[in-house]
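Each chain, written out:
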Amino acid sequence: VKLAPTEDYFYLFLGRALLEQARTIQDPIKREARLKEAEEVLTRARNLNPYNPDHTANLARLYRNWADMTADPQKRQELLQKSLDFYNQVTRISPNNAILHNEKAFVYMLLGQKDKALETIQHSLALDNLYEQTWLLLGDYYRTEGQWEKAAEAYEKAVEIAPNLVQAYSALGFVYAQMGQWEKAVEANRKVLEIAPNDYISHRNLALLYSQMGLIDQAIAEAQEALRLAPPADKPLLESFIDQLEQKKGEGGK
């Protein structure tokens, strides 16, 4: 920036670096100062080249992430609204970019504007119905609404397009369990472990599923594997769960 003060891309990368650095700062006052610095730098980039959609998109992302890092509900809403304003601007500049429409839909979801979120996701699918992230987002939308069958259909479409999409298989495991389709839930979690063998959450989910199905030996095996991989804060609960399973096995479980 010092050597080329009118090069907008240098400000773009500096702004991104400041945002990432802000994520690592625990002190809220110092973090807020770094976020404001990122705001100034990204605004400078946009002022230098207002027709480059990257700059407007990065401001939208800055305010969305800033909202995630604030504890004040009113300020959070204000930041999300700022984010939405910039997403509206950038989708006018770049109207055929499904990624940007997806990001805007996510902000609508955070704002509780459900109809707008669904409308935007559907518009994104109209632009590109082979983009797996849009189907994943649609599944997330229906999952938050408790519409399990529609969520499952969306996640299934996502893994049809991208067979190694861990997030979709993990979500499918949850949705199938909510629908009482235990075998399908097990299969989805097993698929996660084929791709990511050390996925703690999937081992834990399988332990719960096998317990629900009365398969106590399998439940214990998965719970022990989950315990091995679990973060320290989760270990006491898993140890207690394993004790319960051992007790159930002693009472005649399989």
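Residues numbered from 1 in each chain as written. Predicted model: local features only at pLDDT ≥ 70, side-chain atom pairs only at ≥ 80, totals over all residues. Heavy atoms only, no water.

*Asks:* So what exactly am I meant to see when it comes to helix H8 (residues 148-161) here?
*Replies:* Owing to its 3.6 residues per turn, the α-helix brings residues three or four apart onto one side. The end-to-end C-alpha distance of H8 is 20 Å, a good match for the 20 Å that 14 residues give at a rise of 1.5 Å each. Listing the buried residues of H8 in full gives Ala151, Ala152, Ala154, Tyr155, Ala158 and Val159. Here the buried residues of H8 occupy an arc of 165° about the axis, which is enough to place them on one side. Away from its buried face by more than 90 degrees, H8 exposes Glu149, Glu153 and Glu160. Where the residues of H8 are buried, they touch helix H7 (132-144) and helix H9 (166-178). (Helix = DSSP H or I, 4+ residues; strand = E, 2+ residues; numbered from the N terminus. Expected span 1.5 Å × (residues − 1). Buried < 20%, exposed > 50% of the residue type's maximum accessible area, 1.4 Å probe, protein only. Arc of directions from axis to C-beta. Contact = heavy atoms within 4.5 Å.)

*Asks:* What's the story with the nonpolar core in this structure? I'm lost.
*Replies:* Side chains of nonpolar character tend, in soluble globular proteins, to be buried together. Counting residues in hydrophobic clusters, the biggest one holds 73 residues, and the most contacted among them are Leu35, Leu62, Leu138, Tyr155, Ala168, Leu172 and Leu245. It is helix H3 (residues 53-68) that contributes the most residues to this core, 7 residues altogether. Once residues within four sequence positions are removed from consideration, Tyr155 is found in contact with Leu136, Gly139, Asp140, Arg143, Ala168, Ala171, Leu172 and Val175. (Core = buried A, V, L, I, M, F, W, Y, C linked by side-chain atoms within 4.5 Å.)

*Asks:* Honestly, the environment of Gln122 in this entry has me stumped. Any pointers?
*Replies:* Checked against the element boundaries, Gln122 lands in helix H6 (residues 114-127). C-alpha of Gln122 to C-alpha of Asp72: the two residues are 50 residues apart in sequence and 32 Å apart in space.

*Asks:* Is there a simple way to think about the environment of Ala60 in this case?
*Replies:* With respect to the secondary-structure elements, Ala60 resides in helix H3. When its relative accessible area of 0% is taken as the criterion, Ala60 is described as buried. Along the chain, Ala60 and Lys82 lie 22 residues apart, while their C-alpha atoms are 7.2 Å from each other. Each residue touching Ala60, except ones within four places of it in the same chain, is listed here: Ser83, Phe86 and Tyr87.

*Asks:* Would you explain the packing of aromatic side chains in this entry?
*Replies:* Any pair of aromatic rings gets described here by the distance separating the centres and the angle formed by the planes. Counting across every chain of the model gives 5 aromatic pairs. Considering the side-chain rings of Tyr141 and Tyr142, the 5.4 Å spacing of their centres and the 75° angle between planes classify their relative orientation as edge-to-face. Residue classification places Tyr142 among the buried residues on the basis of a relative accessible area of 10%. (Phe/Tyr/Trp six-rings, centres within 6.5 Å; stacked < 30°, edge-to-face > 60°.)

*Asks:* Help me understand the packing of H7 against H8 in this model?
*Replies:* The packing of two helices is summarised by the inter-axis angle and the distance between the axes. Two elements in contact, H7 and H8, have axes whose closest approach is 8 Å; the angle formed by their N-to-C orientations is 165°. Comparing their axes, H8 and H7 come out roughly antiparallel. With respect to the hand of their crossing, H7 and H8 are arranged in left-handed fashion. On H8, the residues that touch Glu132, Trp135, Leu136, Leu138, Gly139, Asp140, Tyr142 and Arg143 of H7 are Trp148, Lys150, Ala151, Ala154, Tyr155, Lys157, Ala158 and Ile161. (Axes fitted to C-alpha atoms, helices over the stretch in contact; angles between N-to-C directions. Parallel < 35°, antiparallel > 145°, perpendicular 65-115°, else oblique. Left-handed = near helix turned anticlockwise from the far one by under 90°.)

*Asks:* Looking at this model, I keep getting lost on H6. Mind explaining?
*Replies:* Taking 1.5 Å of rise per residue, the 14 residues of H6 would be expected to cover 20 Å, and the 20 Å separating its terminal C-alpha atoms lies within 8% of that figure. Of all the positions in H6, only Ala117, Leu118, Thr120, Ile121, Ser124 and Leu125 are classed as buried. Viewed end-on, H6 has its buried residues packed into an arc of 165°, placing them on one side of the element. Residues of H6 that are exposed and point over 90 degrees away from its buried face: Asp115 and Ala126. On its buried side, H6 packs onto helix H5 (98-111) and H7.

*Asks:* Can you help me understand a nonpolar patch on the surface in this one?
*Replies:* A grouping of Val1, Tyr9, Phe10, Phe13 and Leu14 is seen on the molecular surface, where their side chains present a nonpolar patch of about 430 Å² in accessible area. With respect to the element layout, Tyr9 can be found in helix H1 (residues 8-23). (Patch = residues over 30% accessible without salt bridge, like charges linked within 9 Å, V, L, I, M, F, W, Y side chains within 5 Å. Areas by Shrake-Rupley, 256 points an atom, 1.4 Å probe, with all protein chains shown as cover. Salt bridge = Lys/Arg side-chain N within 4 Å of Asp/Glu carboxyl O.)

*Asks:* Please clarify how the pattern of salt bridges should be interpreted in this entry.
*Replies:* Evaluated as defined, the whole model comprises 12 salt bridges. Among the ionic pairs, Glu103 bridges to Arg64, the shortest N-O distance being 3.9 Å. Residue Glu103 is located in helix H5, and its partner Arg64 is located in helix H3; the two are separated by 39 residues in the primary sequence. For Glu160, the salt bridge goes to Lys157, with nearest N and O atoms at 3.6 Å. With Glu160 and Lys157 both in helix H8, this residue pair falls 3 residues apart, about one helical turn. The class for Lys157 is partly exposed, based on a relative accessible area of 25%. Each member of the salt-bridge network shares a partner with another, and the members are Arg61, Arg64 and Glu103.

*Asks:* Quick question: what am I supposed to make of the environment of Leu136 here?
*Replies:* For Leu136, the location among the structural elements is in helix H7. A residue is classified by how much of its surface remains accessible, and Leu136, at 8% relative accessible area, is buried. Counting along the chain gives 22 residues from Leu136 to Ala158, while the straight-line C-alpha distance between them is 5.9 Å. Once you skip the residues sitting within four places of it in the chain, Leu136 turns out to touch Tyr155, Ala158, Leu165, Gln167 and Ala168.

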